[in-house]
Amino acid sequence: MSTDFDPVRYSVITEKNPREIVMLRGSGCKWRRCKFCDYHLDHSKDETSNYAINQAALSRVRGIYGKLEVINSGSLMDLDQQTLTLIRDVCLKHSICELHFECHWMHRKELPAYRAFFTDHGIAVKVKIGVETFDAGYREQVLDKGIGETDPSIISEGFDEVCLLFGLSGQTVDSMKTDIETGLTYFERVCVNLMIENSTSIKPDETVRRNFMEHIYPFYRDDPRVDILLNNTDFGVGKDNQS
């Protein structure tokens with residue numbers, strides 16, 4: 001394992017679209033160029049080791065709300081086939097009818113086949129894309145997201161939910177509000193992540209973070225379609241077991 005801690009890989013989200021969530025381990029994000037992201041460090045090329053970790057996390061799923069979210073520090077395409085089959089089996093065993101995944105833009109043409117792997121068995125699939133901002137210039141020149149499209153209506157094709165990233169230098173109250181409203185217009189759900197310090201060269205801007213908390217957070221805090229993560233472990237996974 002590439003990380004130096006033992007992360008929590010199962011949790012239950014009880015507010016806003018209640019669901020169980022697992023953080024699995026795959027072969028690693030294929031893009032791996034986003035300048036703000038070090039999540040991809042949680043990966044391994046050893047499929048046997050990955051499957052053992054994934055099996056342990058999935059064994060805790062009980063179908064409490066009939067919904068399961070799967071994250072893996074990359075795209076669902078980075079999970080091995082044995083793990084994908086186990087996810088499907090777990091959903092069928094526990095009558096889970098809705099499954100959430102994450103996927104990078106670069107894999108958009110592969111999505112229909114991956115969806116069918118589950119939907120052919122009656123499991124609805126919701127796919128989240130990390131756009132971070134709909135300001136295409138900022139997104140590509142500063143963040144290097146690798147999304148070669150500027151039209152949000154086109155970006156949303158094939159995706160159901162969107163991740164946004166706030167708390168960065170250059171962002172304003174207006175730009176953050178515009179990003180959220182654009183996300184709500186073209187996607188079913190929006191997940192806002194507030195930037196925190198990590199190992200990358202992109203650092204949080206404390207002024208922008210304060211502006212978000214004062215001018216944006218109060219208006220969307222209770223919106224049932226908007227998840228807000230003030231810390232990237234707010235969903236309960238990824239936390240160091242030693243903390």
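Residues numbered from 1 in each chain as written. Predicted model: local features only at pLDDT ≥ 70, side-chain atom pairs only at ≥ 80, totals over all residues. Heavy atoms only, no water.

**A look at the overall build of the protein**
Turning to step 1, where the next piece is worked out: If you tally the helices and strands in the protein, you get seven helices and eight strands.
Turning to step 2, where the next piece is worked out: Its C-alpha atoms give the protein a radius of gyration of 17 Å, near enough to 18 Å, the size a compact globule of 243 residues would have.
Turning to step 3, where the next piece is worked out: Its C-alpha atoms give the protein principal-axis dimensions of roughly 45 × 35 × 35 Å.
Turning to step 4, where the next piece is worked out: With 243 residues in all, the protein has 56% of them scored as buried.
Turning to step 5, where the next piece is worked out: A sequence separation of at least 24 residues applies to 76% of the contacts in the protein between residues at least 6 apart.
Turning to step 6, where the next piece is worked out: Carbon together with sulfur atoms contributes 49% to the accessible area of the protein, which is approximately 11100 Å² in total. (Helix = DSSP H or I, 4+ residues; strand = E, 2+ residues; numbered from the N terminus. Rg over C-alpha atoms; globule rule 2.2 N^0.38 Å. Buried < 20%, exposed > 50% of the residue type's maximum accessible area, 1.4 Å probe, protein only. Contact = heavy atoms within 4.5 Å. Areas by Shrake-Rupley, 256 points an atom, 1.4 Å probe, with all protein chains shown as cover.)

**Regarding the sheet that holds strand 4 (residues 98–102)**
Turning to step 1, where the next piece is worked out: Here eight strands make up an open sheet; going across it, the order is 1-2-3-4-5-6-7-8 and the pairing mixed. Looking at which strands have only one partner, the edges of the open sheet turn out to be strand 1 (10–13) and strand 8 (226–229). With strand direction ignored, the average angle separating the axes of adjacent strands in the sheet is 20°.
Turning to step 2, where the next piece is worked out: Across four bridges, the pairing between strand 5 (residues 124–132) and strand 6 (residues 161–166) is parallel. Bridge pairing links Ile129 to Val162 in strand 6.
Turning to step 3, where the next piece is worked out: Each of strand 5, strand 6, strand 7 (189–194) and strand 8 is contacted by helix 6 (residues 173–186), which is oriented at about 175° to strand 6, the strand it contacts most. (Pairing = 2+ DSSP bridges. Axes fitted to C-alpha atoms, helices over the stretch in contact; angles between N-to-C directions.)

**Some thoughts on the pairing of strand 1**
Turning to step 1, where the next piece is worked out: Across four bridges, the pairing between strand 1 and strand 2 (residues 19–23) is antiparallel. Considered in strand 2, the bridge of Ile13 is made with Arg19.
Turning to step 2, where the next piece is worked out: Hairpin connection of strand 1 to strand 2: five residues between the antiparallel strands, including Lys16 at a positive phi of 50°.

**Quick notes on the environment of Cys34**
Turning to step 1, where the next piece is worked out: Locating Cys34 in the fold gives a position in the loop between strand 2 and helix 1 (47–58).
Turning to step 2, where the next piece is worked out: On the basis of relative accessibility, which here comes to 15%, the residue Cys34 falls in the buried class.
Turning to step 3, where the next piece is worked out: Residues Cys34 and His100 lie 66 residues apart in sequence; the distance between their C-alpha atoms is 22 Å.
Turning to step 4, where the next piece is worked out: Apart from the residues within four sequence positions on either side, Cys34 is in contact with Leu143, Asp144 and Lys145.

**Observations regarding the confidence of the model for the protein**
Turning to step 1, where the next piece is worked out: In this model, the protein carries an average pLDDT of 94, and 96% of its residues clear a pLDDT of 70 or more.
Turning to step 2, where the next piece is worked out: Overall, residues 1–5 carries pLDDT values under 50, and its contacts beyond four positions in sequence, including any with other chains, amount to eleven contacts. (pLDDT = per-residue confidence, 0-100.)

**Brief notes about the packing of aromatic side chains**
Turning to step 1, where the next piece is worked out: A complete count under the given rule lists five aromatic pairs for this structure.
Turning to step 2, where the next piece is worked out: When the ring of Phe166 is compared with that of Phe212, the centres are 5.9 Å apart and the planes differ by 55°; the resulting orientation is tilted. One end of the pair, Phe166, is in strand 6; the other, Phe212, is in helix 7 (residues 206–220), and 46 residues separate them in sequence. The residues Phe166 and Phe212 share a single accessibility class, namely buried.
Turning to step 3, where the next piece is worked out: Ring centres of Phe212 and Tyr217 lie 6.3 Å apart, and the angle between their planes is 50°; on these two criteria the pair is classed as tilted. Grouping residues by exposure puts Phe212 and Tyr217 together as buried.
Turning to step 4, where the next piece is worked out: One aromatic cluster in this structure is built from Phe101, Phe117 and Phe118.
Turning to step 5, where the next piece is worked out: In this structure, Arg19 packs its charged tip against the face of Phe235, placed 5.1 Å from the ring centre.
Turning to step 6, where the next piece is worked out: Taking NZ or CZ as reference, Arg88 lies 4.0 Å from the ring centre of Phe117, over its face. (Phe/Tyr/Trp six-rings, centres within 6.5 Å; stacked < 30°, edge-to-face > 60°. Lys NZ or Arg CZ within 6 Å of the ring centre and 35° of its normal.)

**A closer look at the pattern of salt bridges**
Turning to step 1, where the next piece is worked out: Throughout the structure, instances matching the rule amount to 14 salt bridges.
Turning to step 2, where the next piece is worked out: A salt bridge links Asp42 to Arg9; the nearest nitrogen and oxygen atoms lie 2.9 Å apart. Remark: Arg9 occurs in the segment before strand 1 and Asp42 occurs in the loop between strand 2 and helix 1; sequence separation between them is 33 residues.
Turning to step 3, where the next piece is worked out: The exposure class of Arg9 is buried, given its relative accessible area of 10%.
Turning to step 4, where the next piece is worked out: Put simply, Arg33 and Asp144 hold a salt bridge, and the shortest N to O gap is 3.4 Å. On the criterion of sequence distance, the pair formed by Arg33 in the loop between strand 2 and helix 1 and Asp144 in the loop between helix 4 (136–141) and helix 5 (152–155) is long-range, its members being 111 residues apart.
Turning to step 5, where the next piece is worked out: In this structure Arg33 comes out as partly exposed when scored by relative accessible area, which is 46%.
Turning to step 6, where the next piece is worked out: Judged by its relative accessible area of 16%, Asp144 is buried.
Turning to step 7, where the next piece is worked out: It is possible to trace a salt-bridge network through shared partners that takes in Arg19, Glu69, Lys128, Arg189 and Asp227. (Salt bridge = Lys/Arg side-chain N within 4 Å of Asp/Glu carboxyl O.)

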